[in-house]
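A look at the structure
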Amino acid sequence: MDIQIKSALIGAIIPTVGAFVIFFLGDFSTQSKLERDTVKVLSEKFDSVEKDMSYEDALQAVFKGNEDLKNQLSLMNDELLSAQNELSETQNILSSKEEELQNKLSEAPKVEYSDFDININGEVTENLKKSFLNIDGRDFVSFDILNKITNEEINYSDNVLYIGHATGKKVNLMDVCPPYDVSIGNYYNEDLFEMAGKTYDGFSMGSGSVEYVLVNLEGKYSNLMFDFGHVDGESKYDCTLNIYLDDKLEKTIEQRADANVSHIKIPLNYSNHLKFEFCIPHWTRYGLGNIKLKY
């Protein structure tokens, strides 16, 4: 039964019972019957009252039930108040988080992408989709777009933007311009190899005659640097390495099989073509490692 209904019933029944008791106080038999009838009515209204209870026990059970109901109501009110406080605290936290996010969003840079045409000397050469970037009123384009505009290679390194010949920057020859042709010798460019006990990347040539390796430099580089030596585990025969730039002999390197690795530096002077010529009298294998080109 609902707590408030039970409390109302108790408040209505108790005064009525008292009036009946006073009115029939002189007539014991009538009073006894009234008490039994009262207990019966109370047993129908309250689970804590049994039909065969005495009048006094029934009243005590009703009063006790009323106190229990009051306690339950008080406890429920306390729980409701606690839940309301938790809800209010949660709402305050959410409101604070929302305000914090709104502040961050307001401080974030405004970014817009747009299409644009490349127009050179009055002629539209290309339309680029979503390649123009505006951040807080400042305009940005990517390196590849600068490359299209300038028709020069664009590089960024050590806080320097290089356009064209990036003077001083070093790159791996096998990455930027790997050999485009080799002779019929055993040319290796995928596996690491060892020279004088150290591991190198680059390429090696196995042969017992004259072999060549050709590279297109495209006139971009000022210097060539590499380590040259006999590949460990191969037959011990010496090798002569000739370096040609634009079909002219630039340098000859005599390398013994039992010697340490040679560190070679050759001025390229922005030559277009490079040729490595291996001259080996008997079959063995020589390698070029750490091959660097300098802009």
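Small disclaimer: the values here were computed from a predicted structure and weren't measured.

**What about the overall build of the protein chain?**
When helices and strands are counted, the protein chain shows five helices and 18 strands. Long-range pairs, those at least 24 residues apart, make up 65% of the contacts in the protein chain with a sequence separation of at least 6. Summed over all atoms, the accessible surface of the protein chain reaches about 18,800 Å², with 50% contributed by carbon and sulfur.

**Quick look at the pattern of salt bridges**
Across all of its chains, the model carries five salt bridges by this definition. With its nearest N and O atoms 3.0 Å apart, the salt bridge here joins Asp37 to Lys33. One end of the pair, Asp37, and the other, Lys33, are both in helix 2 (residues 28-45), four residues apart, so they sit about a helical turn from each other. Its salt-bridge partner being Arg256, residue Asp258 comes within 3.0 Å of it at the nearest N-O pair. Residue Asp258 is classed as exposed on the basis of its relative accessible area, which comes to 62%.

**As for the pairing of strand 15 (residues 248-255)**
Strand direction decides the pairing type here: strand 14 (residues 239-245) and strand 15, joined by seven bridges, are antiparallel. Across the sheet, Thr240 pairs through a bridge with Glu254, a residue of strand 15. Hairpin connection of strand 14 to strand 15: two residues between the antiparallel strands, including Asp246 at a positive phi of 50°.

**Observations concerning the packing of aromatic side chains**
Across all of its chains, the model carries seven aromatic pairs by this definition. With centroids separated by 5.7 Å and ring planes inclined at 65°, the aromatic side chains of Phe203 and Phe276 adopt a geometry described as edge-to-face. Pair noted here: Phe203 is in strand 11 (residues 202-207) and Phe276 is in strand 17 (residues 273-279), with a separation of 73 residues, a long-range link. Like Phe203, the residue Phe276 is buried in the burial classification. With centroids separated by 5.7 Å and ring planes inclined at 35°, the aromatic side chains of Phe228 and Tyr286 adopt a geometry described as tilted. Taken together, the residues Phe228 in strand 13 (residues 223-230) and Tyr286 in strand 18 (residues 284-294) connect sequence positions 58 residues apart.

How each quantity is defined
Residues numbered from 1 in each chain as written. Predicted model: local features only at pLDDT ≥ 70, side-chain atom pairs only at ≥ 80, totals over all residues. Heavy atoms only, no water. Helix = DSSP H or I, 4+ residues; strand = E, 2+ residues; numbered from the N terminus. Contact = heavy atoms within 4.5 Å. Areas by Shrake-Rupley, 256 points an atom, 1.4 Å probe, with all protein chains shown as cover. Salt bridge = Lys/Arg side-chain N within 4 Å of Asp/Glu carboxyl O. Buried < 20%, exposed > 50% of the residue type's maximum accessible area, 1.4 Å probe, protein only. Pairing = 2+ DSSP bridges. Phe/Tyr/Trp six-rings, centres within 6.5 Å; stacked < 30°, edge-to-face > 60°.

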